[in-house]
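# Tertiary structure, described
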Amino acid sequence: MSTGEAAATSEAHELGGRNKSSSPRQIPVVGVVTEDEAAQGVFKPMDLNRVIKLLDETDENDLEEKQLKSVKKLVQCYQNGLPLRDLAQIFKILNLCTGKIENHPHFVECACDILKLCSLPFLKKKVSDEITYAEDTANSVALLGDLMKIPSSDLRIQICKCIVDFYHAEPPKKHITGYQQASSSYKIQMAEVGGLAKTMVQSLALLENQLVEKLWVLKALQHLSTSEVNCTSMMKAQAASGICAHLNDPDPSGQLLFRSSEVLWNLLEKSSKEEIIQQLSNLECLLALKEVFKNLFIRGFSNYDRQLRNDILVITTIIAQNPGAPMIESGFTQDLILFATFNEVKSQNPLVKGLKLTNSYEDFELKKLLFNIIVILCKDLSTLQLLVHGKVTLALFTYVKKPEKQKIIEWSAAQYEELQLHAIATLSSVAPLLIEEYMLNQGNARVLAFLEWCENEDPFLSQGNSFHGTGGRGNKFAQMRYSLRLLRAMVYLEEEIINKDLCEKGTIQQLIGIFKNTISKPNEKEESIVLEIQSDILLTLSGLCEHHIHRKEIFGTEGVDIILHVMKTDPKKLQSELGYNVLLFSTLDSIWCCVLGCYPSEDYFLEKEGIFLLLDLLALNQKKFCNLILGIMVEFCDNPKTTAHVNAWRGKKDQTAASLLIKLWRKEEKELGVKRDKYGKIIDTKKPLFTSFQEEQKVMPLPANCPTVAVMDVAENIRAKIYAVLGKLDFENLPGLSAEDFVTLCIIHRYLDFKIGEIWNEICEEIKLEKLRPVSTDTKNLEAITTASENIGKMVVSLQNEMIESQARQDIQNEQKVYTKIQATHKQRELANKSWENFLARTSNAKTLKKAKRLQEKAIESSRHSERPQNAVFHRTDIKGLNTTVSSGRVVTVESTPARIIGGPLADTDIALKKLPIRGGALQRVKAVKTMDEPKKSNLT
């Protein structure tokens, strides 16, 4: 049935339950159309009240004939449509006609004729008529559902046809002057308001053995169920269980199953899915579904039958999600397992004897749906024995191998690849529940051999079209991805028989080799898939190596190398959504499980600066990593070589590891709401570590094996781990700490004492709540412990005050030094300015210059010795007659033998100076020069 028809019927029924419109109405005038007027599209007035009165009468002998005639006249009058203002009276006439059917069968035809009019458009004279007459219209449409109680096949079929026509609106045959057609969805809306869908569902109970009428009702419901409002009404009427229970009723046409499945689909999609599943989760419904599916599976050969079979299987899959559904009791689970595995595992069951699947799209979808429902069924542990009996594990393992031509079914390459991936994904859910079957079928060997094929470079053109094949186009990443998921699922069962078998088969070395290959051959296009593969490898290795030193030794330096490679990842990538965060978590987990506890691996990790990388990650200040990294640091600090590495690390702005840890402590306390003053000091010495949650949580008496709030606090934040790391480093002589860091360090140093005090306070509170009186000795001890804890808090506060005061004094001294430096700088500037002013004065005023010159000469004279040594030669250092105050160069006046006597410095050369004649002229060579005395030598300085 079409959607439109369904919705219209529902609205009418809902309005039918309401009171009639109170709009004032005089004697309705109805147009009776004559032949000439019909051509013009004009209504001729007609008295509907008279028709109603006539139908109510029972005395006259020829009354039936008159009544039939008046109704036929009415039908002829409204052959172009029903005005909304007259709809209530017309449906009243319809109701009167149907009431006479039992005694006067001729009225069936009249009632059907009126119903046919309902298939015509509703007409409105005013735009507001749709709102004005909404209540009357809804009540009228709702009447259609009530009329289904009349035991007339023709009437019921006509009602259903009328509802179907709601959803297939046709334009009026002729335009009526003064009227407009109501909106196409008006009938559908009125059916929703009137609750027509609910009454139509209820009418199904009246049609148990009347197939034709039942098919028409289902067609009407098929249309009505396209609306969420109608589906909700149908759900309240228990439509799902009522329809599903009769799925297997005999029907040669096949329409019953088709229309019923459509209605069930619409109910699941457009109403409360949980409620519909609950309605279908009964033995009667599941038996009907089982028989229908079995018949379609075995005897359905057409494309239509296969599609319907798959639809029924999807509905069954949805029902199977309900743990309370009696899937096993109905025998449906056993049949589904048989149908899922008969192609891969030989079965003597007569149901599948000679049965074959083709490579058609419908059969291919069926195979995937069967794999999917196995995953859902295995969640019920009572199904496991059926899975073992059906050899499900063996059937699924037939796909865990190198693709080759199939002998049973010739799937296409793309189909086989998708089924292969789906089978491996199904194994990841089924195999952990069937460990014995997994080992009997040599699951580890099969998976490792398949992984080896995934790793080699054989040409393989995968399609990568399916959901499971995402990222695997043209490569084997999809196969590797799901194989590793299966391996990880089996390893994390912590079954020693499985893990031992894997290690004996060289799984650790094989997985490390696969990881190295993914590093050496990066694939940026499928980066997210590669990251998932790497994460699964590391998690699997962690599961294998944990608690086993020998396996950690096998992991060795090669394993440490791949861990270090991941830890060197650019921190910016951690913000991406590709999976770097998951990979980093896996890496940290593998450090914990594969490196710690194995001293050669620890030493190699330290040699390769692994601690530096851990601290670099910690410095990123990402809360999700901090707890795990600090836990690893605590364990690593047991190695005596670790301390030197931690102290040697430097972060941004030369930050030290100790400073970083103390900074993390402060941040953690701020988030926890621990009370501290602006300097970071303790405020409440009785509760120095109390968080806001601890203050809100009241102390309650608990059994001895239940941890209290104070104990749980140790595990729920990182303060205990920071204390442990700093304790391993020794709280003394930590480099690179500020005064604020030292104030916080005082608290960290006493963390254990404070925590013990908290626990004793809780004990005291619990004793008070339980109204117990300890003996006097215990009372004294409790008081002593409480007082000691408080005294430690006071001592720490005192120490913090000393540090703050010391820092304040140091700050004042530093400030004074800075001020002294600033003063010297200002004084130097003043002297420079004064010197510049003096210079300008000397250059612009001659008197000032002379005065300055005299002062300079006086200063020079006063600086000389007053007494001169005997026989000393005095050389003047100034130039006479020079009127400047700028110091002249180093000038010395040398008094020596005159040049005319010795001939000058070039006397012994060919160009020796000659004695100048009085008259002047060129230099002449002196032929002979008589040396008189040795000249006095003076140094020019």
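Values in this document were obtained by computation on a predicted structure and should not be read as measured data. (Residues numbered from 1 in each chain as written. Predicted model: local features only at pLDDT ≥ 70, side-chain atom pairs only at ≥ 80, totals over all residues. Heavy atoms only, no water.)

In this section: the packing of helix H33 (residues 610-619) against helix H36 (residues 657-672). Interhelical geometry of H33 versus H36 gives an angle of 35° and a closest axis separation of 11 Å. Relative to H36, the crossing made by H33 is left-handed. Residues Leu 615, Leu 618 and Ala 619 of H33 touch H36, and the partners they reach there are Ala 657, Leu 660, Leu 661 and Leu 664. (Axes fitted to C-alpha atoms, helices over the stretch in contact; angles between N-to-C directions. Helix = DSSP H or I, 4+ residues; strand = E, 2+ residues; numbered from the N terminus. Left-handed = near helix turned anticlockwise from the far one by under 90°. Contact = heavy atoms within 4.5 Å.)

A few words on a positive patch on the surface. On the surface, Lys 847, Lys 850, Lys 851 and Arg 854 cluster together into a positively charged patch. Using a relative accessible area of 70% as the deciding quantity, one classes Lys 847 as exposed. (Patch = residues over 30% accessible without salt bridge, like charges linked within 9 Å, V, L, I, M, F, W, Y side chains within 5 Å. Areas by Shrake-Rupley, 256 points an atom, 1.4 Å probe, with all protein chains shown as cover. Salt bridge = Lys/Arg side-chain N within 4 Å of Asp/Glu carboxyl O. Lys, Arg positive; Asp, Glu negative; His and termini not counted. Charge placed at Lys NZ, Arg CZ, Asp CG, Glu CD. Buried < 20%, exposed > 50% of the residue type's maximum accessible area, 1.4 Å probe, protein only.)

Bringing a nonpolar patch on the surface into the picture now. Taken together, Leu 752, Ile 756, Trp 760 and Ile 763 make up a surface patch of nonpolar side chains, about 310 Å² in accessible area. Among the secondary structure elements, Trp 760 is positioned in helix H41 (residues 751-769). A relative accessible area of 31% places Trp 760 in the partly exposed class.

Here we come to the environment of Asn 95. Along the chain, Asn 95 falls in helix H5 (residues 87-99). A relative accessible area of 39% places Asn 95 in the partly exposed class. Here the alpha-carbon distance between Asn 95 and Leu 144, two residues 49 residues apart in the chain, equals 9.3 Å. If we skip the residues at most four places from it in the chain, Asn 95 touches Leu 143 and Leu 147.

What follows concerns the environment of Asp 86. Secondary-structure assignment places Asp 86 in the loop between strand E1 (82-83) and H5. A relative accessible area of 3% means that Asp 86 is categorised as buried. For Asp 86 and Asp 136, which are 50 residues apart along the polypeptide, the C-alpha to C-alpha distance reads 9.4 Å.

Time to look at the pattern of salt bridges. In this structure the tally under the stated criterion is 31 salt bridges. As a salt-bridge pair, Arg 485 and Glu 532 come within 2.6 Å of each other at their nearest N and O atoms. Taken together, the residues span a long stretch of sequence, with Arg 485 in helix H26 (residues 477-491) and Glu 532 in helix H29 (residues 527-545) at a distance of 47 residues. Judged by its relative accessible area of 26%, Arg 485 is partly exposed. You can call Glu 532 partly exposed: its relative accessible area is 21%. With a shortest N-O distance of 3.7 Å, Glu 740 and Arg 666 are connected by a salt bridge. With Glu 740 in helix H40 (residues 739-749) and Arg 666 in helix H36, this residue pair connects regions lying 74 residues apart in the sequence.

Bringing the sheet that holds E1 into the picture now. If you trace the three strands from one edge of the open sheet to the other, you get E1-E2-E3, paired in mixed fashion. Only two strands of the sheet have a single neighbouring strand rather than two, namely E1 and strand E3 (180-181). Here E1 runs beside strand E2 (residues 122-124); their pairing, made up of two bridges, is parallel. Along E2, the bridge assignment pairs Leu 82 with Phe 122. (Pairing = 2+ DSSP bridges.)

Leu 614 and Leu 726 are the most contacted members of the largest nonpolar core, which totals 232 residues. With sequence-adjacent residues up to four places away left out, Leu 726 is seen in contact with Ala 658, Leu 661, Ile 662, Phe 731, Leu 734, Leu 745 and Ile 748. (Core = buried A, V, L, I, M, F, W, Y, C linked by side-chain atoms within 4.5 Å.)

With that out of the way, let us pick up unusual backbone geometry. Backbone geometry places Glu 494, a non-glycine residue, at a positive phi of 60°. Phi is positive for Asn 733, which is not a glycine, with a value near 60°. Mapped onto the elements, Asn 733 comes out in the loop between helix H39 (719-729) and H40. The class of Asn 733 is exposed, set by a relative accessible area of 78%.

Summarising the model, the chain shows a mean pLDDT of 84, and 85% of its residues fall at 70 or more. In this model, residues 1-41 is a region of pLDDT below 50 whose contacts with residues beyond four sequence positions or in other chains number 200 contacts. Considering only residues more than four positions removed or in separate chains, one finds that residues 911-941, a stretch of pLDDT under 50, has 31 contacts. (pLDDT = per-residue confidence, 0-100.)

What follows covers the packing of helix H9 (residues 153-166) against helix H12 (residues 211-224). With their axes 9 Å apart at the nearest point, H9 and H12 run at an angle of 20° to one another. In terms of orientation, H9 and H12 fall into the roughly parallel class. H9 and H12 meet at a crossing whose hand is left-handed. Between H9, through Ser 153, Arg 156, Ile 157, Cys 160, Lys 161, Ile 163 and Val 164, and H12, the contact on the second element is made entirely by Val 212, Glu 213, Trp 216, Val 217, Lys 219, Ala 220, His 223 and Leu 224. (Parallel < 35°, antiparallel > 145°, perpendicular 65-115°, else oblique.)

Along the chain, the position of Ser 360 falls in the loop between helix H19 (332-341) and helix H20 (361-377). Once residues within four sequence positions are removed from consideration, Ser 360 is found in contact with Arg 306 and Gln 415.

Applying the stated criterion across every chain, the model contains 17 aromatic pairs. Ring centres of Phe 397 and Tyr 438 lie 5.8 Å apart, and the angle between their planes is 45°; this geometry places the pair in the tilted category. Of this pair, Phe 397 sits in helix H22 (residues 392-397) while Tyr 438 sits in helix H24 (residues 435-440), and the two are 41 residues apart along the sequence. The residues Phe 397 and Tyr 438 share a single accessibility class, namely buried. A network of ring pairs unites the aromatic residues Phe 293, Phe 297, Phe 332, Phe 339 and Phe 342 as a single cluster. For Arg 719, the ring lying beneath its charged end belongs to Trp 665, and the centroid distance is 5.9 Å. (Phe/Tyr/Trp six-rings, centres within 6.5 Å; stacked < 30°, edge-to-face > 60°. Lys NZ or Arg CZ within 6 Å of the ring centre and 35° of its normal.)

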